[in-house]
Amino acid sequence: MGSQADLHLHSTFSDGKLTPTQLIELAYRRGVRVLSLSDHDVTDGLPEAFRAAEHCPGLILIPGIEMSTDLPANEVHILGHFIDWQNATFQERLVQLRDSRLLRAEKMVQKLSELNKPVAWERVQEIAGEGAVGRPHIALALVEAGHVTTVNEAFDLYLSRTGPAYVDREKLTPVEVVRLLVEVGGLPTLAHPRDLEELDELLVELREAGLVGMEVYYQDYDPETIERLRAMADKFDLLPLGGSDYHGWGGPQQREPGDIPLPAEPVQRLLTLAEERDAFKRAYRSG
Ligand code: AMP
Ligand code: ZN
Ligand code: FE
Ligand code: FE
């Protein structure tokens, strides 16, 4: 039995396989009634998502985004729900971040060629399509070129943060991103925190900057992990939220939309908080 909510999903507008319409249809069919499209550093899929939601009675669609940030030891991702995504300054910032993704992907392709695992830059761009280019697109090109058999293998051998083809890019710090999201009326949530080092210290800082939630029910997190993170969320007075982080490319960690044990109660608290902050008006409620 899955959850009726899924607050973390990707589409073709970043590195997901399904269009926003296909994604929403799939999630809705699976019983999801509260969902957020949260593409990487881009909100351009939201207009399509809102149109798709019109055909799903009872669905609440929350405008969202996932932003990458960096700390010396960790890659930290922050989700922003209920953002005023049409804010012009915010969009300018996102364009800068996407430009830095492009530059970085090109450098990674260069490194791969030096490693004797060439992929065509044009092909990577084709795979990424209109979307914000990301490492999964390079991984797919590596699979296509026959250098690896799976996306996971591409990450394990070349693309992970410690991999030989990895290149850094311009990123904000976690605190900067939380502040940015709060500035556009968003409710920020720390994404997939299981493997982050010094999580306590990070949460103190982020809570002060305006963090409201933390992903506890995420993808393939096991019951012990959920228990530990749930206690952390309680300790820092954060909403224990979650999502499948569905991308659609398969692999052992993948969970289908809504296939996470996220309870209804913290989701309801998120919706109430959005009401209190006058941010709920940016969600779409069908029917
Ligand atoms: P990027 O935004 O270019 O840094 O790529 C980040 C994305 O790569 C994440 O959202 C995941 O979808 C994917 N990713 C990161 N690490 C792995 C991994 N070890 N195996 C498969 N996919 C991964
Ligand atoms: Zn992704
Ligand atoms: Fe992420
Ligand atoms: Fe994600």
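Residues numbered from 1 in each chain as written. Chains lettered and ligands numbered in written order. Predicted model: local features only at pLDDT ≥ 70, side-chain atom pairs only at ≥ 80, totals over all residues. Heavy atoms only, no water.

1. Focus on the site of ligand 1
Step number 1: Every residue close to ligand 1 is listed here: Asp15, His40, Glu75, Arg101, Arg104, Gly134, Arg135, Pro136, Asn152, Phe155 and His247.
Step number 2: Here an oxygen atom of ligand 1 sits 2.9 Å away from a polar atom, N or O, in the side chain of Arg104.
Step number 3: In a pocket analysis with a 2 Å cut-off to the grid points, ligand 1 is assigned to the largest pocket.
Step number 4: Breaking the shell around ligand 1 down by element, the ones donating at least two residues are helix H3 (88–114), helix H5 (135–144) and helix H6 (151–159). (Near = heavy atom within 4 Å. Polar contact = N/O pair within 3.5 Å; in protein donor to acceptor, adjacent residues only side chain to side chain. 1 Å grid on protein atoms, 1.4 Å probe; cavity = no way out; pocket = protein on both sides within 12 Å on 5 of 7 lines; lining within 4 Å. Sits in = over half its atoms within 2 Å of the grid points. Helix = DSSP H or I, 4+ residues; strand = E, 2+ residues; numbered from the N terminus.)

2. Describing the coordination of the iron ion (ligand 4)
Step number 1: The protein atoms donating to the iron ion (ligand 4) are His8 (NE2), His10 (NE2), Glu66 (OE) and Asp245 (OD), with metal-donor distances spanning 2.0 to 2.2 Å.
Step number 2: Around the iron ion (ligand 4), the four donor atoms sit at angles spanning 78 to 162 degrees, and that spread fits a shape best called irregular.
Step number 3: Every donor residue of the iron ion (ligand 4) comes from the same chain, spaced as H-x1-H-x55-E-x178-D. (Donors = N, O, S within 2.8 Å, 3.2 Å for Na, K, Ca; no water. Tetrahedral: all angles 85-135°; square planar, octahedral: opposite > 155°, others 65-115°.)

3. Thoughts on the layout of surface pockets
Step number 1: Considered as a void within the structure, the largest pocket measures approximately 1,300 Å³ in volume.
Step number 2: Forming the boundary of the largest pocket are 39 residues, of which Phe155, Tyr218, Gln219, Asp245 and Gln253 lie nearest the centre.
Step number 3: Of all the elements in the fold, those that place two or more residues in the lining of the largest pocket are strand S3 (60–70), strand S4 (75–81), H3, H5 and H6.
Step number 4: For the lining of the largest pocket, the per-class residue count stands at nine nonpolar, 16 polar and 14 charged. (Points joined across faces, edges and corners; volume = space filled by probe spheres on them. Nonpolar A, V, L, I, M, F, W, Y, C, P; charged D, E, K, R; others polar.)

4. Quick look at the pairing of strand S6 (residues 213–218)
Step number 1: Here S6 lies mainly inside the structure; six of its six residues are buried.
Step number 2: Bridge analysis of S6 against strand S7 (residues 239–243) gives five bridges, and the strand direction is parallel. Considered in S7, the bridge of Tyr217 is made with Gly242.
Step number 3: In this region the chain leaves S6, passes through helix H9 (residues 223–235) and returns to the parallel neighbour S7; the handedness of that crossover is right-handed. (Buried < 20%, exposed > 50% of the residue type's maximum accessible area, 1.4 Å probe, protein only. Pairing = 2+ DSSP bridges. Right-handed = clockwise from strand over helix to strand, strands pointing away.)

5. Describing the coordination of the zinc ion (ligand 2)
Step number 1: Protein coordination at the zinc ion (ligand 2) comes from Asp15 (OD), Asp15 (OD), His40 (NE2) and His247 (NE2), with a distance range of 2.0 to 2.6 Å.
Step number 2: Between the zinc ion (ligand 2) and the iron ion (ligand 3), a separation of 5.8 Å is found. Residue Asp15 is located in the loop between strand S1 (5–9) and helix H1 (20–29), and its partner His40 is located in the loop between strand S2 (34–37) and helix H2 (46–53); the two are separated by 25 residues in the primary sequence.
Step number 3: Residue classification places Asp15 among the buried positions, given a relative accessible area of 5%.

6. Thoughts on the pattern of salt bridges
Step number 1: This model, assessed by the stated rule, comprises 15 salt bridges.
Step number 2: Between Arg98 and Asp44 there is a salt bridge, with the nearest N and O atoms lying 3.9 Å from each other. Of this pair, Arg98 sits in helix H3 while Asp44 sits in the loop between S2 and H2, placing them 54 residues apart in sequence.
Step number 3: When its relative accessible area of 39% is taken as the criterion, Asp44 is described as partly exposed. (Salt bridge = Lys/Arg side-chain N within 4 Å of Asp/Glu carboxyl O.)

7. Focus: helix H4 (residues 121–128)
Step number 1: Within H4 the residues assigned to the buried category are Trp121, Val124 and Ala128. For H4, the angular spread of buried residues about the axis comes to 60 degrees, placing them on one side. Across H4 from its buried face, at more than 90 degrees, point the exposed residues Glu122 and Glu126.
Step number 2: In this structure, the buried side of H4 is in contact with H3 and H5.
Step number 3: At the C-terminal side of H4, Gly129 shows a positive phi close to 60 degrees. (Arc of directions from axis to C-beta. Contact = heavy atoms within 4.5 Å.)

8. Observations regarding the packing of H3 against H5
Step number 1: Running from N to C, H3 and H5 point in directions that differ by 30 degrees, and their axes come no closer than 10 Å. Classified by the interaxial angle, the pair formed by H3 and H5 is roughly parallel. Two packed elements cross with a definite hand, and for H3 against H5 that hand is right-handed. Where H3 abuts H5, its residues Arg104, Ala105, Met108 and Leu112 lie against Arg135, Ile138 and Leu142. (Axes fitted to C-alpha atoms, helices over the stretch in contact; angles between N-to-C directions. Parallel < 35°, antiparallel > 145°, perpendicular 65-115°, else oblique. Left-handed = near helix turned anticlockwise from the far one by under 90°.)

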